[in-house]
Number of protein chains: 2
Amino acid sequence: VITELTLRLHPIPDHIVVARAAFPSVEAACRAAAAIIGAGVLVTRCELLDATTIAALNAYAGTSFPVSPYLFVEFGGTEAGVAGDLVATRELAEDEGASAFESESDPTARAQMWSARHNALHASLALAPGSKAMTTDVAVPVSELAAAIEQARRALDESGLRGGIVGHVGDGNFHVAFLLDPDDAESIAKADALNERVVDDALARGGTCTGEHGIGFGKLRYLEREHGDLVELYRGVKRVFDPNGIMNPGKAVP
Amino acid sequence: VITELTLRLHPIPDHIVVARAAFPSVEAACRAAAAIIGAGVLVTRCELLDATTIAALNAYAGTSFPVSPYLFVEFGGTEAGVAGDLVATRELAEDEGASAFESESDPTARAQMWSARHNALHASLALAPGSKAMTTDVAVPVSELAAAIEQARRALDESGLRGGIVGHVGDGNFHVAFLLDPDDAESIAKADALNERVVDDALARGGTCTGEHGIGFGKLRYLEREHGDLVELYRGVKRVFDPNGIMNPGKAVP
């Protein structure tokens, strides 16, 4: 029950540019993202797609992206400011070996560029028709991001499941999406084990078991692993606001 | 006792510009600030000084600013981006009647420009040698800011105390600094009444009794005025973390 909500609004910039490019490695793409944000470009979206996801997109949507990690970046500001930021963004990306650099400022062309990112889940599902996707999200310090994604990719490959990785790399948050057959206990067990491996690696890097999807039921046991004896304090706060335990019972706080 | 601290760092932009200008009214300065931020300029500082503060600065530091409200703005980004943002900032300021527009990007010249703002409190104190300054801070929704500052200025003038107003206007936070004689009960009573008038006006506008200085002891009674029956929940949360009441006892939560 939400009875009142105060929002802090961020302005919609006068001018917006979307840029995307292929990178030789996940690490190079993550370094470029950090450099662009670090240079003071007003980045509003920053999305990484791994090579598997790009290959799935090419198969699903008939695109012909080079099959390598891709970075999509959006930034806004004044007209002249954005033009300058675009030059800097391209230079910083190419310093990390970017190729196939493209950019658009027209709203329709921008939406067209983003559609590849928006199709990523559907494209991954099409890798194994009839399967369902399970997504786990974690976040790690930005300095650990490239290594965490490489490790998650290894875990995915070793799990025997198919899937791709996409990341909101500006804040160290990434999603591992993998396909499973919900009627096959072995497939579910593999997915649970993979989820646990990705979460444990994120925690070992000083990250968190969920970047934005939340604890819900699915990650209840990881909350204690991540926060230890703080969880008793969380329970105390929950009791202050919900003494009868009627608000989302059993979720978020074990 | 702080045992662990996680910081989210924002990058230091490659290029930084400071701009300042005189405005015909507090309202015009507030509108210009909102327009500059709204255009997507990456504003990192945005400070308003009222005409009284400017006059005090001229007397204190031998400057010759036109005696009117002043806006100081700092923003950063890539070199070309900042150059573009400076053009837009000047246009938006002049749309609101700005005059005496100046800007600097050299670090020493920037520090020189900011020194006027940093001298504001000393300059105000010099209006009545031997007096002490009391500062109250409040914050209101940005849409209410100009009216709140005008109202605070009126309250200050009617209080019989001398003082000036400066504002971190990008987020609706402003400070009213007024001079009093700590050995004179009447002077203290005037200051308390003025503080209460400024706070009540901020609350009536949907604002908060303190934007950044905190509740401490001085604003304990305003917390209940602002938050009503939520304060009992704050007490509950405090008890969860501090069952023995040894952490900052009696402060922040009445």
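In case you missed it, the structure is sitting above this.
Being a predicted model, the structure only gives us computed values, none of them experimental. (Residues numbered from 1 in each chain as written. Chains lettered and ligands numbered in written order. Predicted model: local features only at pLDDT ≥ 70, side-chain atom pairs only at ≥ 80, totals over all residues. Heavy atoms only, no water.)

Draft legend 1. Molecular detail of the overall build of chain A. Check the secondary structure of chain A and you find nine helices and seven strands. On C-alpha atoms alone, chain A measures out to a radius of gyration of 20 Å, which is about the 18 Å that the 2.2 N^0.38 rule sets for 254 residues. Taken along the three principal axes of its C-alpha coordinates, chain A extends 55 × 45 × 30 Å. Expressed as a percentage of the 254 residues in chain A, the buried residues total 44%. Long-range pairs, those at least 24 residues apart, make up 71% of the contacts in chain A with a sequence separation of at least 6. Accessible surface, chain A: about 12,400 Å² in total, of which carbon and sulfur atoms supply 54%. Averaging the positions of the 21 positive and the 35 negative side-chain charges in chain A gives two centres separated by 5 Å. (Helix = DSSP H or I, 4+ residues; strand = E, 2+ residues; numbered from the N terminus. Rg over C-alpha atoms; globule rule 2.2 N^0.38 Å. Buried < 20%, exposed > 50% of the residue type's maximum accessible area, 1.4 Å probe, protein only. Contact = heavy atoms within 4.5 Å. Areas by Shrake-Rupley, 256 points an atom, 1.4 Å probe, with all protein chains shown as cover. Lys, Arg positive; Asp, Glu negative; His and termini not counted. Charge placed at Lys NZ, Arg CZ, Asp CG, Glu CD.)

Draft legend 2. Structural context of the environment of Trp-114 of chain B. Residues and elements named next belong to chain B. Within the secondary structure, Trp-114 is located in helix α4 (residues 107–118). With 41 residues separating them along the chain, Trp-114 and Val-73 place their C-alpha atoms 9.6 Å apart. Setting aside residues no more than four positions away along its own chain, Trp-114 makes contact with Val-18, Arg-45, Glu-47, Phe-72 and Glu-74.

Draft legend 3. Broad picture of the relation of the copies chain B and chain A. When chain B is fitted to chain A, the residual RMSD is 0.0 Å, and the transformation amounts to a turn of 180° plus an axial shift of 0.0 Å. What we have between these two chains is a two-fold relation. The C-alpha atom lying nearest the rotation axis in chain B is that of Gly-81 of chain B; the distance is 1.8 Å. When the interface residues of chain B are mapped onto chain A, 100% of them again fall at the interface, so both copies present the same face. (Least-squares fit on C-alpha atoms with pLDDT ≥ 70 in both.)

Draft legend 4. The environment of Ala-39 of chain B, seen in detail. Among the secondary structure elements, Ala-39 of chain B is positioned in the loop between α1 (26–38) and β2 (43–49). Relative accessible area serves as the criterion here: at 5%, Ala-39 of chain B is assigned to the buried category. Separated by 181 residues in sequence, Ala-39 of chain B and Leu-220 of chain B place their C-alpha atoms 38 Å apart. Residues in contact with Ala-39 of chain B, not counting those within four places in the same chain, are Pro-13, Asp-14, Gly-77 and Thr-78 of chain A together with Leu-92 of chain B.

Draft legend 5. Main features of the side chain of Asn-173 of chain A. Examined against the element boundaries, Asn-173 of chain A turns out to sit in strand β7 (residues 173–180). Under the relative-accessibility criterion, Asn-173 of chain A is labelled buried at 2%.

Draft legend 6. Layout of the packing of aromatic side chains. Residues and elements named next belong to chain A. Counted according to the given criterion, the structure contains six aromatic pairs over all chains. Their ring planes at 65° and their centres at 5.0 Å tell us that Phe-65 and Tyr-70 sit as a pair that is edge-to-face. Assessed through its relative accessible area of 9%, Phe-65 is described here as buried. Residue classification places Tyr-70 among the buried positions, given a relative accessible area of 1%. On the basis of an interplanar angle of 35° and a centroid distance of 5.6 Å, the ring pair of Phe-72 and Trp-114 is categorised as tilted. Here Trp-114 lies in helix α4 (residues 107–118) and Phe-72 lies in strand β3 (residues 70–77), a separation of 42 residues in the sequence. In this pair, the class of Phe-72 matches that of Trp-114, namely buried. Positioned over the ring face of Trp-114 is Arg-45, at 4.3 Å from the centre of the ring. (Phe/Tyr/Trp six-rings, centres within 6.5 Å; stacked < 30°, edge-to-face > 60°. Lys NZ or Arg CZ within 6 Å of the ring centre and 35° of its normal.)

Draft legend 7. Representation of the interface of chain B and chain A. In this complex, chain B contributes 25 residues to the contact, which on the side of chain A involves 25 residues. Summing both partners gives a buried area of about 1,800 Å² for chain B against chain A, and 71% of it is carried by carbon and sulfur. Taken together, chain B and chain A are joined by zero salt bridges. Listing elements by their share of the side of chain B that touches chain A, those giving two or more residues are α1, β3 (70–77), α3 (79–95) and α9 (230–241) of chain B. (Buried area = accessible area lost by both parts, 1.4 Å probe. Salt bridge = Lys/Arg side-chain N within 4 Å of Asp/Glu carboxyl O.)

Draft legend 8. Structural context of the packing of helix α7 (residues 185–204) of chain A against helix α8 (residues 220–227) of chain A. Residue and element names in this part refer to chain A. Running from N to C, α7 and α8 point in directions that differ by 20°, and their axes come no closer than 11 Å. Judged on the interaxial angle alone, α8 and α7 are roughly parallel. By crossing handedness, the relation of α7 to α8 is classed as right-handed. Seen from α7, the contacting residues are Asn-195, Glu-196, Val-199, Asp-200 and Leu-203; seen from α8, they are Arg-221, Tyr-222, Arg-225 and Glu-226. Grouping the constituent residues of the contact of α7 with α8 by class yields three nonpolar, one polar and five charged. (Axes fitted to C-alpha atoms, helices over the stretch in contact; angles between N-to-C directions. Parallel < 35°, antiparallel > 145°, perpendicular 65-115°, else oblique. Left-handed = near helix turned anticlockwise from the far one by under 90°. Nonpolar A, V, L, I, M, F, W, Y, C, P; charged D, E, K, R; others polar.)

Draft legend 9. Structural context of the sheet that holds strand β6 (residues 163–168) of chain B. All names here are of chain B. If you walk across this open sheet you meet the seven strands as β4-β1-β3-β2-β6-β7-β5, and the pairing is antiparallel. At either end of the open sheet lies a strand with only one pairing partner, and these are β4 (99–104) and β5 (132–139). Sheet twist, expressed as the mean angle between neighbouring strand axes with direction ignored, is 15°. Where strand β1 (residues 15–22) meets β4, four bridges bridge the pair, whose relative direction is antiparallel. (Pairing = 2+ DSSP bridges.)

Draft legend 10. Expanded view of α4 of chain A. Compared with the 16 Å implied by 1.5 Å per residue over twelve residues, the 16 Å span of α4 of chain A between its first and last C-alpha is a close match. The residue sitting at the N-terminus of α4 of chain A and contributing the capping side-chain oxygen is Asp-106 of chain A; that oxygen lies 3.1 Å from the backbone nitrogen of Thr-108 of chain A. (Expected span 1.5 Å × (residues − 1). Polar contact = N/O pair within 3.5 Å; in protein donor to acceptor, adjacent residues only side chain to side chain.)

Draft legend 11. Structural view of the pairing of strand β2 (residues 43–49) of chain A. All names here are of chain A. Pairing between β2 and β3: six bridges, direction antiparallel. Among the inter-strand pairings, Leu-49 is bridged to a residue of β3, identified as Tyr-70. Two elements, β2 and strand β6 (residues 163–168), share three bridges in a ladder whose sense is antiparallel. Looking across to β6, one finds that Leu-48 is bridged to Gly-167.

Draft legend 12. The pattern of salt bridges, seen in detail. Residues and elements named next belong to chain B. For the structure shown, the criterion picks out 38 salt bridges over all chains. Among the salt bridges present, the one from Glu-47 reaches Arg-117, with a minimum N-O distance of 2.9 Å. Note that Glu-47 is positioned in strand β2 and Arg-117 in helix α4, a separation of 70 residues in sequence. Arg-117 matches Glu-47 in its accessibility class, with the two residues each being buried. We note a salt bridge from Arg-205 to Glu-144, for which the minimum N-O separation is 3.0 Å. Pair noted here: Arg-205 is in the loop between α7 (185–204) and α8 (220–227) and Glu-144 is in the loop between β5 and α6 (145–159), with a separation of 61 residues, a long-range link.

Nothing here speaks to function; it is all geometry.
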